[in-house]
Amino acid sequence: MTLENVPTLESLVVNNPALQGKIWWQGAAIAKPDANRLQQQKQQQLLARLTSLSTLLRQEGESSLAATVENVHAQLAELKVVGRLFVPLDPDMIQLDPVLDRRLLGEYQVYVTPEPSNVRLLGALAPHGKRNFLPGKDVSYYLSEVQPLDGAEHDIAWIITPQGESQRVPIAYWNRLHNEMTPGSLLFLGFAASALPEDFKDINEQIISLLTHRIPD
């Protein structure tokens, strides 16, 4: 929904009739239209870069790895991203801590979704997509049900929370720690650094940055 002339975050989330009721605040996001356009441009730039990477790999005879890149490209193309402001929107938090309140100027768009009961797996793995959230399960449980694709990272994965925070999680047998996801989170398995040409070594970081702007589904 688009909202104008709302002076502060508190007035938005506490007093606005359109945002009353059972809102799942952990997955809500607020953004300005120009920030949305910028983030969507970044998504297109990332997709173009993945296409360049795939083309280069095929030219070098790395067809299996190129197929992994094309798979990740298709997954990222389906995501809805916005130029979210990384601010808490939970009314209770904002009312308890005035420091979290902030002035709002101009037009904003607020995104809310129903509270999900699943998590999403994305990246160099198959099959990708949603899985039922299971309380107490470590990320290794979800990864045990998928197959890493050629060129996948085997030591580290990333959790992206519904609030847009990213967390690096070790997943190999020698470094594994217990890490759980919350409903609406995304688990990203990236490319191994050794599989990437020199000019594309930062592609995982670029993907993670995009994922922090995703709207949970």
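Starting from 1, residues in each chain are numbered consecutively following that chain's sequence as written. A pLDDT threshold of at least 70 governs which residues receive local features in this predicted model, and a stricter bar of 80 or more applies before side-chain atom pairs are shown or counted, although totals over entire chains, interfaces and linings include all residues. Hydrogens and water molecules were not included; the side-chain quantities draw on all heavy atoms of the structure.

**Observations regarding the packing of aromatic side chains**
Think of it this way: a Phe, Tyr or Trp ring, Trp meaning its six-membered ring, pairs with another when their centres are within 6.5 Å, and the plane angle makes it stacked under 30 degrees, edge-to-face over 60, tilted otherwise. Per the counting criterion, the structure on display carries one aromatic pair. Ring centres of Tyr-141 and Tyr-142 lie 5.6 Å apart, and the angle between their planes is 80°; this geometry places the pair in the edge-to-face category. Partly exposed describes any residue whose relative accessible area lies between the buried limit of under 20% and the exposed limit of over 50%, with all areas from a 1.4 Å probe on protein chains only and scaled to the type maximum. Take Tyr-141: its relative accessible area is 28%, and that puts it in the partly exposed class. Since its relative accessible area comes to 1%, Tyr-142 is described here as buried. Whether a charge lies above a ring is judged from NZ of Lys or CZ of Arg, which has to be within 6 Å of the ring centre and within 35 degrees of the ring normal. The cationic tip of Lys-32 hangs over the ring face of Tyr-108; the distance from NZ or CZ to the ring centre is 5.0 Å. For the cation-ring pair, Lys-137 lies above Tyr-141, with the distance from its terminal atom to the ring centre recorded as 4.7 Å.

**Describing the nonpolar core**
Put simply, buried Ala, Val, Leu, Ile, Met, Phe, Trp, Tyr and Cys residues joined by side-chain atoms within 4.5 Å make one nonpolar core. In terms of nonpolar packing, the biggest core is built from 26 residues, with Leu-50, Leu-76, Phe-191, Ile-207 and Leu-211 touching the most fellow members. We count a stretch as a helix when DSSP gives it H or I for four or more residues in a row; a strand needs E for two or more, and each element gets its number in order from the N terminus. Going through the elements one at a time, helix 2 (33-59), helix 3 (63-77), strand 10 (186-189) and helix 6 (203-211) are the ones with two or more residues in this core. Any two residues whose heavy atoms approach within 4.5 Å at even a single point are treated as in contact. Residue contacts for Phe-191: discarding those within four places in its chain leaves Leu-50, Thr-68, Val-69, Val-72, Gly-151, Ala-152, Glu-153, Leu-196, Ile-203, Asn-204 and Ile-207.

**Some thoughts on the packing of helix 2 against helix 3**
Only the stretch in contact is used when fitting a helix axis, every axis being a line fitted to C-alpha atoms; angles between N-to-C directions are given from 0 to 180 degrees. The contact between helix 2 and helix 3 brings their axes to 8 Å, and the two run at 165°. Compared by their axis directions, helix 2 and helix 3 come out roughly antiparallel. For helix 2 against helix 3, the interelement crossing comes out left-handed. Mapping the contact onto sequence places Gln-43, Leu-46, Leu-47, Leu-50, Thr-51, Leu-53, Ser-54, Leu-57 and Arg-58 in helix 2 and Ser-63, Leu-65, Ala-66, Ala-67, Val-69, Glu-70, His-73, Leu-76 and Ala-77 in helix 3. Nonpolar residues are Ala, Val, Leu, Ile, Met, Phe, Trp, Tyr, Cys and Pro. Charged residues are Asp, Glu, Lys and Arg, and all others, Gly as well, are polar. Taken together, the residues that form the contact of helix 2 with helix 3 break down as eleven nonpolar, five polar and two charged. Oblique is the label for every angle not falling under 35 degrees (roughly parallel), over 145 degrees (roughly antiparallel), or within 65 to 115 degrees (roughly perpendicular). Left-handed describes a crossing whose near helix is turned anticlockwise from the far helix by less than a right angle; the clockwise case is right-handed.

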